[in-house]
Amino acid sequence: MAPAIMMAADKVELSPANTGFMLICSALVMLMTPGLAFFYGGMVRVKSTLNMLMMSFISLGIVTVLWVLFGFSLAFGDSHGGLIGWSSDFVGLSGIGKTELWDIYNIPVYVFAVFQLMFAIITPALISGALADRVKFSAWALFITLWAIIVYFPVAHWVWAPSGGWAFKLGVIDFAGGTAVHINAGAAALGVILVIGKRVGFKKDPMRPHSLPLVMLGSGLLWFGWFGFNAGSWLGNDDGVGALMFVNTQVATAAAMLAWLAYEKIRHGAFTTLGAASGAVAGLVAITPAGGAVSPLGAIAVGAIAGVLCAMAVGLKYKLGYDDSLDVVGVHLVGGIAGSLLIGFFATGGGQSDVAGLFYGGGMAQFWKQCAGVFAVLAYSLVVSAVLAFILDKTIGMRVTEDEEVAGIDQAEHAETAYDFSGAGGGAARTAAAPAPVAAAASKKVDA
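Below is a short write-up of the structure.

So, how was this worked out
Residues numbered from 1 in each chain as written. Predicted model: local features only at pLDDT ≥ 70, side-chain atom pairs only at ≥ 80, totals over all residues. Heavy atoms only, no water. Phe/Tyr/Trp six-rings, centres within 6.5 Å; stacked < 30°, edge-to-face > 60°. Buried < 20%, exposed > 50% of the residue type's maximum accessible area, 1.4 Å probe, protein only. Helix = DSSP H or I, 4+ residues; strand = E, 2+ residues; numbered from the N terminus. Polar contact = N/O pair within 3.5 Å; in protein donor to acceptor, adjacent residues only side chain to side chain. Core = buried A, V, L, I, M, F, W, Y, C linked by side-chain atoms within 4.5 Å. Contact = heavy atoms within 4.5 Å. Axes fitted to C-alpha atoms, helices over the stretch in contact; angles between N-to-C directions. Parallel < 35°, antiparallel > 145°, perpendicular 65-115°, else oblique. Left-handed = near helix turned anticlockwise from the far one by under 90°. Nonpolar A, V, L, I, M, F, W, Y, C, P; charged D, E, K, R; others polar. Patch = residues over 30% accessible without salt bridge, like charges linked within 9 Å, V, L, I, M, F, W, Y side chains within 5 Å. Areas by Shrake-Rupley, 256 points an atom, 1.4 Å probe, with all protein chains shown as cover. Salt bridge = Lys/Arg side-chain N within 4 Å of Asp/Glu carboxyl O.

**A look at the packing of aromatic side chains**
Summed over the entire model, instances satisfying the criterion amount to 28 aromatic pairs. For the pair Trp67 and Phe72, a centre-to-centre distance of 5.6 Å together with 50 degrees between the ring planes defines the contact as tilted. The pair formed by Trp67 and Phe72 is uniform in burial state, with each residue classed as buried. With a centroid separation of 4.7 Å and 40 degrees between ring planes, the pair formed by Phe72 and Phe90 is classed as tilted. Taken together, the residues span a long stretch of sequence, with Phe72 in helix H2 (residues 49-76) and Phe90 in the loop between strand E3 (84-85) and strand E4 (100-102) at a distance of 18 residues. Connected via pairs of aromatic rings, a cluster forms that spans Trp67, Phe72, Phe76, Phe90, Trp102, Phe112, Trp147, Tyr152 and Phe153.

What follows is the structure, given as structure tokens:
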């Protein structure tokens, strides 16, 4: 039996309350991937909608199978040098009994495994937003297969494995995925788009969201599911830390949305629905690593700072010339960095641990630890993701043809379209009949 698990009778007893809570949180995190699909799907043009949805949904299939076969073992098995895990009991989830508990917690290993599975699923799906309109679906499926194995599973081990991940041992605070999920995905997105290049017509053709209501629906589902993502990461709520994280998730998200809207009103003269949705996601990203360490007032600061920084960052792609289609770099990479580093300033020492940040008398020690975790994950994911994309591009090809991209990737890759208006009816006959009364009405108006 792997050292990371124990029989229920050894130290603690299974908690039905925490077990049920964690199963609900797992379901909430699973809902985030379809929510992300809607969020991204509404932000692209009509001709790319289905492809965007599928790029998220396919992760539910691929990563689930990988996780059961060996992913959980690589991420949370016995540590080897602090870099990777492996425990034979976790392979195929075959050596785990239903009464075995996870580490020192009072929930079953199965529950912990399925909760972490949902994180593993959504992380590569996040990358897809940067690659809209131009990537072969088969190449994308192969990319996330390799990326999960080579990047996500090791990084999850570094950050969260109690068996000895190096960042975990160093004391890097990442409550629910600022480094392992958001910086990891954002850096990967940047690495891939630097390899595959820009969309046809980037900075020339209008590429506006085709359905802002769909974007708002997706952001609402993300916000809802994020409570499971964040509050569930304490693996129970016996001491109130999960409740603190729940509150801070709401508070930071609200602050970030308001800050983003204020920035774009000052900068661009309008409060946009896309800005509200993007600001909310930026706040969710930033509070993810920090919410267990800061107070609700600190959460307002983290959210507001992240909202402004991310709003500023999304415009960099036009200045620097990289085509991050749906602002994965601007929101997830920048928001993840901001939330992770701000722990070094706003940690109170009264939340998940007694570690205090600079503003609470703790000095800069925690800030430098956060820097180590942030920049190690960023560099590793950026480089390895770029290499993977380069290899795939030179072998099977990452991009669809220019003609297919212009005509629409939905039809080329999926032989479908998102919206079919052929059955709406009444079009031709009613259009033909309309001019007479319209003309008559116009004539009357002129006569009047």
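Now that the structure has been shown, we can carry on.
**Comments concerning the environment of Thr395**
By the element assignment, Thr395 lies in helix H13 (residues 365-395). Looking at Thr395, its side chain comes within polar contact range of the main-chain oxygen of Ile391, at 2.7 Å. Polar side-chain contacts of Thr395 include one of 3.2 Å to the backbone oxygen of Leu392.

**Digging into the nonpolar core**
Residues Phe72 and Leu131 are the most contacted members of the largest nonpolar core, which totals 112 residues. Other than its neighbours up to four places away in sequence, Phe72 contacts Trp67, Gly77, Phe90, Leu93, Ile96, Trp102, Val109, Phe112 and Ala113. Counting 14 residues, the second-largest nonpolar core is a separate cluster that includes Ile173, Ile287, Val294 and Leu342.

**Notes on the packing of helix H3 (residues 109-127) against helix H4 (residues 137-160)**
At their nearest, the axes of H3 and H4 sit 10 Å apart, and the two run at 125 degrees to each other. Classified by the angle between their axes, H3 and H4 sit oblique to one another. Relative to H4, H3 is oriented so that their crossing is right-handed. For the pair H3 and H4, contact is made by Gln116, Phe119, Ala120, Thr123, Pro124 and Ile127 and by Trp140, Phe143, Ile144, Trp147, Tyr152 and Trp160, respectively. Considered class by class, the residues forming the contact of H3 with H4 number ten nonpolar, two polar and no charged.

**What to know about a nonpolar patch on the surface**
Together, Val383, Val387, Phe390 and Ile391 give the surface a local cluster of nonpolar side chains, amounting to about 360 Å² of exposed area. Here Ile391 shows up in helix H13.

Take it as geometry only, folks, not as evidence of what the structure does.
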